[in-house]
Amino acid sequence: MFCADVLQEFKVRLRSFVEITEFWYSRSPSPYERRSDPTAVSRSRSRDTSIENPGNNLYVTGLSARVSKRDLEKHFSNEGKVEDIHLVIDPWTRESRGFGFVTMSTVEEADRCVKYLDRSVLEGRVITVERVRI
């Protein structure tokens, strides 16, 4: 009798768990579907079509773990005025992940950076510089 009672209790709890799970998933949108609400805020800036790339944003890869924002600014300031630098950092080790983003003040300066700094050496490593693709 005891096993039958335990089995019955398990079935009741399992059924309620399934009902709660189905209810939860029916309310929350799938992360793989586009929202139909035009006022919904996009979490990813790269997929938002309302944001345009003016052409002065650069993607830099091949960076050493020792490279700092100051090193990047010094390297890129030879070709023009650097507006912003975002160095991607590992949250656990606090070291560079080997890539980052540099925003130059004008499109012409960004073009010069791509032309002259792509395949250049920074901190003993060959870096790649290209425009950010949206």
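Note: the structure precedes this text.
The following paragraphs examine the structure supplied in this document.

Definitions and cut-offs
Residues numbered from 1 in each chain as written. Predicted model: local features only at pLDDT ≥ 70, side-chain atom pairs only at ≥ 80, totals over all residues. Heavy atoms only, no water. Helix = DSSP H or I, 4+ residues; strand = E, 2+ residues; numbered from the N terminus. Areas by Shrake-Rupley, 256 points an atom, 1.4 Å probe, with all protein chains shown as cover. Pairing = 2+ DSSP bridges. Buried < 20%, exposed > 50% of the residue type's maximum accessible area, 1.4 Å probe, protein only. Arc of directions from axis to C-beta. Contact = heavy atoms within 4.5 Å. Salt bridge = Lys/Arg side-chain N within 4 Å of Asp/Glu carboxyl O. Core = buried A, V, L, I, M, F, W, Y, C linked by side-chain atoms within 4.5 Å. Axes fitted to C-alpha atoms, helices over the stretch in contact; angles between N-to-C directions.

### A word on the overall build of the protein
Counting its secondary structure elements, the protein contains three helices and five strands. When the helices and strands of the protein are listed from N to C terminus, the series reads α-β-α-β-β-α-β-β. With an accessible surface of roughly 10800 Å², the protein has 52% of that area assigned to carbon and sulfur atoms.

### So, the pairing of strand 3 (residues 96-104)
For strand 1 (residues 57-61) and strand 3, the ladder comprises five bridges, and the chain directions are antiparallel. Counted as the bridge partner of Leu-58 is Val-102 from strand 3. Direction of pairing for strand 2 (residues 82-89) relative to strand 3: antiparallel, over a ladder of six bridges. Of the residues in strand 3, the one forming a bridge with Ile-89 is Ser-96. In this antiparallel pair of consecutive strands, strand 2 and strand 3, the connection spans six residues, and Arg-94 shows a positive phi of 60 degrees.

### As for helix 2 (residues 69-76)
Every buried residue of helix 2 is listed here: Leu-72, His-75 and Phe-76. All buried residues of helix 2 lie within an arc of 90 degrees about the axis, which places them on one face of the element. Those residues of helix 2 that are exposed and angled more than 90 degrees off the buried face are Arg-70 and Lys-74. Buried residues in helix 2 make contact with strand 1, strand 2, strand 3, helix 3 (107-117), strand 4 (120-122) and strand 5 (125-131).

### Re the pattern of salt bridges
A full pass over the atoms with the stated rule returns five salt bridges. We note a salt bridge from Arg-133 to Glu-130, for which the minimum N-O separation is 3.0 Å. A residue is classified by how much of its surface remains accessible, and Arg-133, at 68% relative accessible area, is exposed. Of the residues examined, Glu-130 reaches a relative accessible area of 27% and is grouped as partly exposed.

### Section: the nonpolar core
Of all hydrophobic cores here, the largest spans 17 residues; its most connected members are Val-60, Leu-63, Leu-72, Phe-76 and Met-104. When neighbours within four sequence positions are excluded, Val-60 is seen to be in contact with Leu-72, Phe-76, Gly-98, Phe-99, Gly-100, Val-102, Ile-127, Thr-128 and Val-129.

### Here's the deal with the sheet that holds strand 5
Taken in spatial order, the five strands line up as 2-3-1-5-4 in an open sheet, and their pairing is antiparallel. Where the open sheet ends on each side, the last strands, each with one partner, are strand 2 and strand 4. Averaged over all adjacent pairs, the angle separating strand axes in this sheet is 30 degrees, with direction ignored. Sheet topology places strand 4 next to strand 5; three bridges connect them, and they run antiparallel. What sits directly across from Val-121, in strand 5, is Val-126. Sitting on the sheet, helix 2 is in contact with strand 1, strand 2, strand 3, strand 4 and strand 5, with an inclination near 140 degrees to strand 2. In the packing of helix 3 onto the sheet, the strands contacted are strand 1, strand 3, strand 4 and strand 5, and the crossing angle to strand 5 comes to about 145 degrees.

This is a description of form; function is not addressed.
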